Structures are given as structure tokens and as C-alpha cells.
Amino acid sequence: MLGETPARVSLVLGIESSCDDMAAAVVHDGHEILSSCVRGQAHVHAPYGGVVPELASRDHVTVVSEVVESALRDARVEVSDLDGIAVTAGPGLVGSLLVGLSFAKALAYAAKRPVVGVHHLMGHLIAAEVATPGLTPPYMGLVVSGGHTALYQVGDSGAPELLGETRDDAAGEAFDKVAKMLGLPFPGGPAISRLAAEGDATAIDLPRPMSKRAGLDFSYSGLKTAVAVELERRGGIERLSPGGRADFAASFEAAVVDSLVGRTVRALRKFPHERLVVVGGVAANRRLRDVMKQAGAREGFEAIFPPMDLCTDNAVMIAAAGTRLLSRGVRDDWTLNAFSRVPIGDSPWRVLDSTSAESAP
Ligand code: KG4
Ligand code: ZN
């Protein structure tokens, strides 16, 4: 990242392609959404019950120009009107990231506009700020999606500090895998959630992952195995009645929600905040919303769930995060690359921190 004199940045195009959605958006002054286009790929991955990385990048390359054009057209702006282009640089599937990244760099190069790489999870957290007037740091953030389960404490400066993350599967990934075991379609979260509404959440005794472990990490692969073992013990999915399948869905959903809420409450007791934001696809889960809000009422924090189009992957969050970086004079050069994982402290996070040398004007 290069640091330059901060400039007024008002119109920013965001491009996001870290997983199975290709998205582009134009944001004005970091919060006013002028356009937001998202092209999903559920039809591509449904036959496999999960995202197939190579198919994701191949599909992205066929739609990226159309999605970006739609975003510019809907916002009624030309590339030459833009103050900069922000693009997700990671974490995510590298093949998918490279499609958005190469397109953003080419566009920025041709239009002589600055480009800035954005951390995907930083984007998710900032989406909550865009969606919630008056929400500014500090707050606690839970990012819970198909690729991530992580708790962040966002400090006064806006710099997020990672408090805990999953040691194996993400919560959404567990929903998708258990849905496959139960013969439900991809993506599994909504399907499990619908079926769970007809089941008894206490019918099957499943573990609450990590509940007895110290620290703030999550884990979902043991729970997934527990579901598989229990299914096997009952003679497999073929032997289950429709009601029995609903009981599995409800019991699994309750175990995931209890673990997410339990770890988050533990984090908030250790690091008190008045507000918690929950973002990512799993934030759509009705039970998670209800149980987290009840916990908030009991423990004294407000649980904020942004509207779903800003919870799931989108490019508004990347444009908004990019606006902040560009306004502080942060730009990338043409060597900007994709990364699948970023340990805390690496540059895409540190640029949010006003004490970071890289973001200093
Ligand atoms: O944020 P997202 O759209 O994409 C990324 O993974 O980044 O999240 C998708 C994940 C999928 O795993 C999906 O099964 C899960 O969110 N999901 C849900 C629900 N809706 C979507 N999980 C539980 N309950 C839901 N209602
Ligand atoms: Zn995401």
C-alpha cells in the first residue's frame, strides 16, 4: 500500500468476487448507495452441495464486465467520474478473487484512477455502519457466513481486533454440509432453517461446540460429525420420517445458534460493548436473531442485524471500505495481489488503524 496526501473521495466503484457471488456497486461519500448489483451462482454449485472453486472463477470471468457495467449504469456514472476503484483482495478463493482484482486493476489502469484492495471481513463490518445510521465504532462484530466465523472488537479508531475465529469449518459451511446429509438443497442454511421450524430442537442431544473450552474460538466440524454419527445410529436418512428429519434440522440449528451466542456473550463479558453487529449469510437465521436479541436484553447489549442484502456478500461494503482507505490517501500499486488468508496485523487490516505507518499521509 502506498500512502499519499488524503483527498476528498466521493464516488467509488466497489468490486467483490471472493467466493460465489460477483458483485459491483457505486457508493457516494462512503454511505449513499447509488447502485448495487449481485450475480449469484447457486445454480452452478447446487448439484455439488457446496461451492466448487474452479467453477466459481470460470463463471465469474463470464459475468464480471456485465455486472460492473450494470452498477455504473444504475448509478448513472461513467468510469471517468469515479474517484477510485475498491476491490476485495482477500481472504477468499484465490481464483475467484483474481477475476475481480484483475478487472478492477485493468479498469483503474485504463481510466487512470487509483485502486485499493479491501479486506473482505473489514467490508462486512463496515456494511453494518452503512446500514445503521449513527453506528460508529467502538462495537463488537460477529462475522458468520459460509466462509467465515469470527469475532472482532472494533476500536474507537475503526481498527478491528480479532478475538476469535473458527478452528475448522465456518458455521454456514456446517449448515451446508449437514443439509447435504439430510438430503436438502444447496445452500443449506435457508433449507435447514425452514425445516427446523417444523421440528423439535430438543429431540436430538447434540454437543454445543467449544462451550467448555477457554478462549473465544469456534469449531463446527465436531458437531457435523456428531450429526453424522447420530444419523447412522438411527439407520441413516432413509429410515427417518419427515418429522425425524425436521427434528435433526431443529436440533442442529439450535446447537449452532447456542454456540454462536455463547461465545459472543463470553466475548462481551470480557470486552464490554453496548452494541454487537452480526453480519454474513448466517445472520439471516431467524433463531440466531431471536436468541441473540434475547441475550442482548439479558446482558445489556444491543444486537444489530443489518438488512440481508448488506449482510451477505455485496460490493457496497467494499466501495464503502475503499472510500475510507482512499480518503486517507491509501492506494495500491499495480502489484496488488489476491490472498486466501490474512493473519491479523497484515497490511489490509492495518490500513484501518490510524497509527499504522502505511496509512500515514
Ligand atoms: O455471506 P454469504 O452469502 O456468503 C459467504 O459465505 O461469504 O453466506 C452464505 C452462507 C451459506 O453457508 C448459507 O447456508 C448460510 O450463509 N445461510 C444461512 C441462512 N441463510 C444463508 N444459514 C443459516 N440460516 C439461514 N437462514
Ligand atoms: Zn462474505
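The present account deals with the structure reproduced in this document. (Residues numbered from 1 in each chain as written. Chains lettered and ligands numbered in written order. Predicted model: local features only at pLDDT ≥ 70, side-chain atom pairs only at ≥ 80, totals over all residues. Heavy atoms only, no water.)

## Thoughts on the sheet that holds strand β8 (residues 149-154)
- Spatially, β9-β8-β7-β10-β11 is the arrangement adopted by the five strands of the open sheet, whose pairing is mixed. Because the sheet does not close on itself, it has two edges, and the strands there are β9 (160-165) and β11 (302-304). Taking the axes of each pair of neighbouring strands and ignoring which way they run, one obtains an average angle of 25° across the sheet.
- Across the face of the sheet, helix α4 (residues 120-131) comes into contact with β7 (139-144), β8, β9 and β10 (275-279) while running at roughly 120° to β7. (Pairing = 2+ DSSP bridges. Helix = DSSP H or I, 4+ residues; strand = E, 2+ residues; numbered from the N terminus. Axes fitted to C-alpha atoms, helices over the stretch in contact; angles between N-to-C directions. Contact = heavy atoms within 4.5 Å.)

## Focus on the site of ligand 1
- The full set close to ligand 1 counts 18 residues, and G146, D176, G189, G281 and D313 are the nearest of them.
- With respect to ligand 1, the backbone of G146 contributes an N or O atom lying 2.8 Å from an oxygen atom.
- Between an oxygen atom of ligand 1 and a main-chain N or O atom of G189, the distance comes to 2.9 Å.
- Expressed as a share of its isolated accessible area of 550 Å², the protein-covered part of ligand 1 is 87%.
- Of all elements in the fold, only α5 (171-181) and α6 (188-196) reach the threshold of two or more residues within the shell around ligand 1. (Near = heavy atom within 4 Å. Polar contact = N/O pair within 3.5 Å; in protein donor to acceptor, adjacent residues only side chain to side chain. Areas by Shrake-Rupley, 256 points an atom, 1.4 Å probe, with all protein chains shown as cover.)

## What about the sheet that holds strand β3 (residues 22-28)?
- In spatial order, the strands read β4-β3-β2-β5-β6; together these five strands make up an open sheet with mixed pairing. Edge strands, defined here as strands with exactly one partner in the open sheet, are β4 (32-39) and β6 (115-119). Each strand axis lies, on average, 20° off the axis of its neighbour in the sheet, ignoring direction.
- With respect to the sheet, α4 is in contact with β2 (11-16), β4, β5 (84-90) and β6, its orientation differing from that of β6 by roughly 90°.

Scope: geometric values only; no functional claims are made or implied.
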